[in-house]
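# Tertiary structure, described
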Amino acid sequence: MGWLFGKKKVPQVPLPEGRAIDDKALRFPVAPSRRVIEPKEIKEAVGFDKPVAFPEENETAMDSPFEPVDESEEEGLTSDAYPFESRKEELYVKIEVYQRILGEIDLVKKELTELNETNKKLGTSEFNEEKNFNRLRKLMKGLHDNLLSIDKVLFKG
Amino acid sequence: MPVFIKIDDYNSVLEIVKAVRKKLDDAKSTLLKINDLKNEEDHQLEMWQNTLSEVEKKIDFINHSLNEPEQF
């Protein structure tokens, strides 16, 4: 179609070639996202279902499940039972200990459910006991009345 | 490399654990009382059983005495 519109004019001044721009240079820096774990997802997040090789249990391991703290900091403690109670700083627990705590909580929940069932059975049992006791009392009263009748008959003659 | 879990509200967790321990102590104490009551109940039931046996023997004696007076 060059015959219709004429020959395309070529600019006399060379166009700037420009520089190759790195794609990454034009992107906004991505802030490190902080992952928020909902309470429902805690077990999944810590890999509760995955088997974890617990370290050998010994007294010292269970006594200090928390991050080691400098002895100089411990001098200022107000309570021996709860060494971290008075502190405002963040507290971290080892994942093994955390998983173990979750497991123990699960077991406690199961045991409490069992205790609840036992409680129901005991309630039923107590009810039956009361019912039987009332029946026994009625029987004894009848027996007593009968004995009184016999007594009356025998001593009448 | 050890992995740590951040514990928020550590103090409230401690308070809950303390409350749970108190409830456990209460439950243990109540269980002891129930056990004592049960022992007392068992004792009373045993007495009931003994007295009932005595009454049964006496009734048998009366029954025999009335049915076969020549033997007595």
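Residues numbered from 1 in each chain as written. Chains lettered and ligands numbered in written order. Predicted model: local features only at pLDDT ≥ 70, side-chain atom pairs only at ≥ 80, totals over all residues. Heavy atoms only, no water.

## Digging into the overall build of chain B
Regarding its fold elements, chain B presents one helix and one strand. Here chain B holds 72 residues, and 6% of them are scored as buried. Of the accessible surface of chain B, which amounts to about 6,400 Å², a share of 60% is contributed by carbon and sulfur atoms. (Helix = DSSP H or I, 4+ residues; strand = E, 2+ residues; numbered from the N terminus. Buried < 20%, exposed > 50% of the residue type's maximum accessible area, 1.4 Å probe, protein only. Areas by Shrake-Rupley, 256 points an atom, 1.4 Å probe, with all protein chains shown as cover.)

## Side note on the overall build of chain A
When you go through chain A residue by residue, the secondary structure sums to five helices and one strand. Sequence-ordered secondary structure for chain A, helices as α and strands as β, is α-α-α-α-β-α. Expressed as a percentage of its 157 residues, the buried residues of chain A come to 10%. Taking the contacts inside chain A whose residues are at least 6 apart along the sequence as the reference set, 71% of them involve residues at least 24 apart. Of the roughly 15,100 Å² of accessible surface on chain A, a fraction of 57% belongs to carbon and sulfur atoms. (Contact = heavy atoms within 4.5 Å.)

## Some remarks on helix α5 (residues 95-156) of chain A
Look at α5 of chain A: 90 Å from first C-alpha to last across 62 residues, which is about the 92 Å you get at 1.5 Å a residue. By the burial criterion, the buried members of α5 of chain A are Ile95, Val97, Tyr98, Gln99, Leu102 and Gly103 of chain A. (Expected span 1.5 Å × (residues − 1).)

## What to know about the nonpolar core
Ranked by size, the top nonpolar core spans ten residues in total: Leu91, Val93, Ile95, Val97, Tyr98 and Leu102 of chain A together with Ile5, Ile7, Tyr10 and Leu14 of chain B. Counting residues per element, the ones that place at least two in this core are β1 (91-94) and α5 of chain A together with β1 (4-7) and α1 (10-67) of chain B. Per element, the largest residue contribution to this core is four residues, and it comes from α5 of chain A. Not counting chain neighbours up to four residues away, the residues in contact with Ile7 of chain B comprise Leu91, Val93 and Tyr98 of chain A. (Core = buried A, V, L, I, M, F, W, Y, C linked by side-chain atoms within 4.5 Å.)

## Examining the interface of chain B and chain A
Facing the 16 residues of chain B at the interface are 20 residues of chain A. Taken over both partners, the interface formed by chain B and chain A buries close to 1,900 Å², and the fraction arising from carbon and sulfur atoms is 72%. In this structure, the connection of chain B to chain A is made through zero salt bridges. Taken together, chain B and chain A are joined by three residue pairs in polar contact (both at pLDDT 80 or more). With eleven residues, α1 of chain B is the single largest residue contributor to the side of chain B that touches chain A. As defined by bridge partners, β1 of chain A adjoins β1 of chain B across four bridges and the pair is classed as antiparallel. (Buried area = accessible area lost by both parts, 1.4 Å probe. Salt bridge = Lys/Arg side-chain N within 4 Å of Asp/Glu carboxyl O. Polar contact = N/O pair within 3.5 Å; in protein donor to acceptor, adjacent residues only side chain to side chain. Pairing = 2+ DSSP bridges.)

## Brief notes about a nonpolar patch on the surface
The grouping of Leu143, Leu147, Ile150, Leu154 and Phe155 of chain A together with Ile59, Phe61, Ile62 and Leu66 of chain B at the surface amounts to a nonpolar patch, some 800 Å² of accessible area in total. For the nonpolar patch, the elements supplying multiple residues, two or more each, are α5 of chain A together with α1 of chain B. It is α5 of chain A that provides the largest number of residues to the nonpolar patch, a total of five residues. (Patch = residues over 30% accessible without salt bridge, like charges linked within 9 Å, V, L, I, M, F, W, Y side chains within 5 Å.)

## Describing the confidence of the model for chain B
Put simply, chain B has an average pLDDT of 89, and 96% of its residues get 70 or more. The ipTM value of the predicted complex is 0.70, and its pTM value is 0.54. (pLDDT = per-residue confidence, 0-100.)

## What about a negative patch on the surface?
Taken together, the side chains of Glu126, Glu129 and Glu130 of chain A together with Glu41 of chain B define an acidic patch exposed on the protein surface. Here the element with the most residues in the negative patch is α5 of chain A; it accounts for three residues. (Lys, Arg positive; Asp, Glu negative; His and termini not counted. Charge placed at Lys NZ, Arg CZ, Asp CG, Glu CD.)

## Notes on the confidence of the model for chain A
All names here are of chain A. Across chain A, the average pLDDT comes to 72, with 48% of residues at or above 70. Mean pLDDT across the secondary structure elements of chain A bottoms out at helix α4 (residues 71-74), with 43, and peaks at α5, with 91. Here residues 57-64 scores under 50 on pLDDT; set against residues more than four positions off or in separate chains, the count is three contacts. Between residues 68-79, whose pLDDT stays under 50, and residues either more than four places distant or in other chains, the model counts nine contacts.

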